Amino acid sequence: KPKAIVIGAGIAGIASAIRMAVKGYEVDVFEANSNAGGKLAEIKMNGFRFDAGPSLFTMPEYVEELFKLAGKKPEDYFDYIKLKEVCRYFYEDGLRLNATANLDKFAKEIEEKTESTAEEVERYLKKSETIYEVTHRVFLERSLHKLKSYLHWDTLKSVFRFGQIDAFRTQAKANKSFFKDRRVAQLFNRYATYNGSNPYQAPATLNVIPHFEYHYGAFLPKKGMYSIVNSLVELAKELGVRFHYNQKGEEILYSDERKPKVKGLKVNNIIHKADVIISNLDIWFTYKNLLKNIPQPKKLLNQERSSSALIFYWGMDGNYSDLGLHNILFTEDYQKEFSAIWKDKTISNDPTVYINITSKYIRGDAPVDSENWFVMINVPANNGQNWELLIKEARANIIRKISRILNRNIEKDIVYEHVLDPRSIESKTGSYQGSLYGNSSNNQFAAFLRHPNFSSKIESLYFCGGSVHPGGGIPLALLSAKIIDNEIDNLAF
Ligand code: FAD
């Protein structure tokens, strides 16, 4: 059997391993950490369980299709629910909005509580759908770097409709024109942060993101986000994939012909031969560490990185009925917050706070009468800032903000704490500067400035994951594995 090696067991690495095994390859996955999942990780401590990385699950069909591809029933491995309530939004002036999956109800609530109308919301979500229709086949599901993608009829149709994707104004500017009430515009500006970007710079094309959440829905795996990893690893193992943990890929080896071809991977000074190699590492480290001797695509590698995160995992002694699974406590001045992150590379003193509490649904995630809080703010990627000081100040500001908005002193309830910051995100997941989503999408050309899913220099070398095309986030990382799958021929037995 021909051999495939996958370097890194992040979500896209696992998906690639499954796809290669289904194609008939013998597959080995080398992972630097002691477990699979990369950014999709979990922490279990003092009776609390936390999903350490992603907390919002969208497009579950991209996970399910991996089971189906292998001829299995997804529900035998993995179960999830569709959320009726998507997110609770809190504003400093006392406004509270509850984004429900029932769009009519959500639009009506906006009309009742703000100066915006239900019609504004409907018009905005219609636009979001249009952008999705025009972009998804071209920007998300195909390689942008192969001529054949452009010769496709769907692509041509989309090209004729490019005027509709709103690429020539910023998201914040577009949303100001959609919504009379600035707080509603702020709610929809937030979607730029779903890929670590700045709504005051990113094109309004990012208004496509709410379409995923409001039209397709938001979901929660019944055993938490990490069960996505567990169930996919189980499937991969059943298909014969071998996982090698604590095995850091050191160098990708290739032949020295005119058009070189991959030969293998060096790990701990041992060479493992391969006919195909798929790297799931951050593309920046793939070139810096594993492909040192080939010309580096400097322009792509030096693009501005997406933002990072500062996360407090707090075990809370108490129940907070005002909060749901996903909660956003908005800053009063969004522009100031983004300017702090992107211009000053620091943290504003009134950051928007995201709180995720899975124990609202998964009781076993926290002891009785306790809750597991994942408290996150967006912060700049790591450029050597004084993080100790920034974390100390941010912690105090976050506690003050939550206590103020919930009208309750929360600090005394914190019985367990663990902290993740851009430095530890980089060291734990191999993400350059600790950015969460690879490059930022802060300009119109960002989609074209992500590395392709294949190497144009070395035959049979591919790249998957959130730092390459089509981008970051679980759904897009899974699509990168699918694009590679479509590029590699099935073996004929
Ligand atoms: P990664 O998770 O980046 O994993 C790469 C793997 O490669 C790691 O396991 C690493 O150890 C391994 N590795 C690195 N170097 C080597 C080497 N030399 N040899 C072998 N192995 C190596 N997405 C969402 O969809 N929804 C969310 O709500 C969301 N929130 C997020 C919150 C946080 C705090 C973070 C960190 C991310 C979030 N994301 C979210 C983004 C999402 O987690 C990522 O886009 C996705 O998990 C990236 O997967 P990946 O396949 O690129 O691999």
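Rules of the game
Residues numbered from 1 in each chain as written. Predicted model: local features only at pLDDT ≥ 70, side-chain atom pairs only at ≥ 80, totals over all residues. Heavy atoms only, no water. Helix = DSSP H or I, 4+ residues; strand = E, 2+ residues; numbered from the N terminus. Rg over C-alpha atoms; globule rule 2.2 N^0.38 Å. Buried < 20%, exposed > 50% of the residue type's maximum accessible area, 1.4 Å probe, protein only. Contact = heavy atoms within 4.5 Å. Areas by Shrake-Rupley, 256 points an atom, 1.4 Å probe, with all protein chains shown as cover. Lys, Arg positive; Asp, Glu negative; His and termini not counted. Charge placed at Lys NZ, Arg CZ, Asp CG, Glu CD. Polar contact = N/O pair within 3.5 Å; in protein donor to acceptor, adjacent residues only side chain to side chain. Near = heavy atom within 4 Å. Pairing = 2+ DSSP bridges. Axes fitted to C-alpha atoms, helices over the stretch in contact; angles between N-to-C directions. Phe/Tyr/Trp six-rings, centres within 6.5 Å; stacked < 30°, edge-to-face > 60°. Lys NZ or Arg CZ within 6 Å of the ring centre and 35° of its normal. Domains from an automatic or database assignment. Nonpolar A, V, L, I, M, F, W, Y, C, P; charged D, E, K, R; others polar.

Draft legend 1. Broad picture of the overall build of the protein. Scanning the protein from N- to C-terminus turns up 16 helices and 19 strands. For 493 residues, the compact-globule estimate of 2.2 N^0.38 gives 23 Å, and the protein sits close to it at 22 Å. Principal axes of the C-alpha set define a box for the protein whose edges measure 65 × 55 × 45 Å. Looking at the 493 residues of the protein, the share that counts as buried comes to 60%. Residue pairs in contact within the protein that sit at least 24 positions apart in sequence constitute 71% of those at least 6 positions apart. Of the roughly 20600 Å² of accessible surface on the protein, 50% is carried by carbon and sulfur atoms. Across the protein, the mean location of the 66 positive side-chain charges is 4 Å away from that of the 59 negative side-chain charges.

Draft legend 2. Representation of helix α11 (residues 283-290) within the structure. Counting buried positions along α11 gives six out of eight residues, so the element sits mostly inside the fold. For α11, the N-terminal capping position is held by Asp282, with its side-chain oxygen 3.0 Å away from the main-chain nitrogen of Trp284.

Draft legend 3. Examining the site of the ligand more closely. Every one of the 31 residues lining the ligand counts as a neighbour, but Glu31, Lys39, Gly466, Gly473 and Ile474 are closest to it. In the environment of the ligand, an oxygen atom lies 3.0 Å from a nitrogen or oxygen atom belonging to the backbone of Leu56. Burial of the ligand by the surrounding chains reaches 93%, relative to a free accessible area of 1000 Å². Those elements that provide at least two residues to the shell around the ligand are α1 (11-23) and α16 (474-487).

Draft legend 4. The sheet that holds strand β14 (residues 308-317), seen in detail. Here seven strands make up an open sheet; going across it, the order is β7-β6-β15-β16-β17-β14-β18 and the pairing mixed. Bordering the open sheet on either side are β7 (96-100) and β18 (414-420), each of which pairs with just one other strand. Strand-to-strand, the axes of this sheet are offset by a mean angle of 20°, without reference to chain direction. With five bridges connecting them, strand β6 (residues 85-90) and β7 associate as antiparallel partners. Along β7, the bridge assignment pairs Tyr89 with Leu97. Where helix α15 (residues 422-429) meets the sheet, it contacts β14, β17 (370-379) and β18, and its direction lies at approximately 70° from that of β18.

Draft legend 5. Quick look at the packing of aromatic side chains. Inspection of the entire model under this criterion finds 36 aromatic pairs. Summarising the aromatic geometry, the rings of Phe285 and Tyr432 are spaced 6.0 Å apart at their centres and angled 85° between planes, so their arrangement reads as edge-to-face. With a gap of 147 residues between them, Phe285 in helix α11 and Tyr432 in the loop between α15 and β19 (461-463) connect regions that are remote in the sequence. Pairwise contacts between aromatic rings join Phe106, Tyr124, Phe178, Phe179, Phe188, Tyr191, Tyr194 and Tyr214 into one cluster. The residue whose ring lies beneath Arg408 is Tyr320, and the NZ or CZ to ring-centre distance is 3.6 Å.

Draft legend 6. The arrangement of the domain arrangement of the protein in detail. Domain assignment breaks the protein into domain 1 (3-73 + 223-304 + 442-487) and domain 2 (120-216). Using only C-alpha atoms to locate each centre, domain 1 and domain 2 end up separated by 26 Å. Between domain 1 and domain 2, the contact holds 19 residues from the first and 22 residues from the second. On inspection of domain 1 and its partner domain 2, the count reaches two residue pairs in polar contact (both at pLDDT 80 or more). Those elements that place two or more of their residues in the side of domain 1 that touches domain 2 are α2 (61-69) and α16. Broken down by element, the side of domain 1 that touches domain 2 gets its largest block of residues, four residues, from α16. Across the side of domain 1 that touches domain 2, the residue classes break down as 11 nonpolar, five polar and three charged.

Draft legend 7. Examining the sheet that holds strand β13 (residues 276-279) more closely. With respect to topology, five strands assemble into an open sheet ordered β9-β2-β1-β13-β19, the strand pairing being parallel. The open sheet has two free edges, formed respectively by β9 (242-244) and β19, since each of these has just one partner strand. Between one strand and the next, the sheet's axes are offset by a mean angle of 20°, whatever the strand orientation. Pairing between strand β2 (residues 26-30) and β9: three bridges, direction parallel. Its bridge partner lying in β9, Asp28 is registered against Arg242.

Draft legend 8. Molecular detail of the pairing of β17. In terms of burial, β17 is a largely internal element, 10 of the 10 residues being buried. Here β17 shows no split at all, with Ser370, Asn372, Phe374, Met376 and Asn378 on one side and Glu371, Trp373, Val375, Ile377 and Val379 on the other all buried. Where β14 meets β17, 10 bridges bridge the pair, whose relative direction is antiparallel. Opposite Gly315, over in β17, you have Asn372 as the bridge partner. In the sheet, strand β16 (residues 353-356) pairs with β17 via three bridges, with the strands oriented antiparallel. Residue pairing across strands places Asn356 opposite Phe374, the latter belonging to β17.

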